[in-house]
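# Reading the structure
Each chain is listed here by its residues.
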Amino acid sequence: MALGLGQLFYVLLFVINGIAVLSEDRFLARIGWSVQANPSGFGGDQQSVKFKMINLISAVRTLMRIPLIAINIVVIFYMIILG
């Protein structure tokens with residue numbers, strides 16, 4: 001079974017949805033990946049992979065909230081109408 005562009009789009013959408021629904025209070029703070037746990041002050045470790053992942057998660061949760069709602073609605077109607 002080949003991975004087509006449509007299936008790749010679904011995988012990307014599921015991953016972004018998964019990142020967007022992560023609760024900062026219940027999950028991310030518990031494992032130390034909260035924005036408050038890692039302040040980006042002067043002299044901090046801003047080049048680490050963990051810091052970049054925290055910023056990526058925060059950016060996805062902030063910037064993609066409204067577009068994800070619209071994309072999910074379109075995908076749901078597409079799946080209902082065309083199967």
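Scroll up to find the structure.
A few points on the structure. (Residues numbered from 1 in each chain as written. Predicted model: local features only at pLDDT ≥ 70, side-chain atom pairs only at ≥ 80, totals over all residues. Heavy atoms only, no water.)

All right, on to the packing of aromatic side chains then. All told, the structure shown has one aromatic pair when counted by the stated rule. Judged by centre distance (6.2 Å) and plane angle (50 degrees), the ring pair of Phe9 and Tyr10 falls under tilted. (Phe/Tyr/Trp six-rings, centres within 6.5 Å; stacked < 30°, edge-to-face > 60°.)

A few words now on the side chain of Arg61. With respect to the helices and strands, the residue Arg61 is situated in helix α3 (residues 49-63). Polar contacts involving the side chain of Arg61 include one to the main-chain carbonyl oxygen of Leu22, which spans 3.2 Å. Contact partners of Arg61, with chain neighbours within four places excluded, come to Ile19, Ala20, Leu22 and Glu24. (Helix = DSSP H or I, 4+ residues; strand = E, 2+ residues; numbered from the N terminus. Polar contact = N/O pair within 3.5 Å; in protein donor to acceptor, adjacent residues only side chain to side chain. Contact = heavy atoms within 4.5 Å.)

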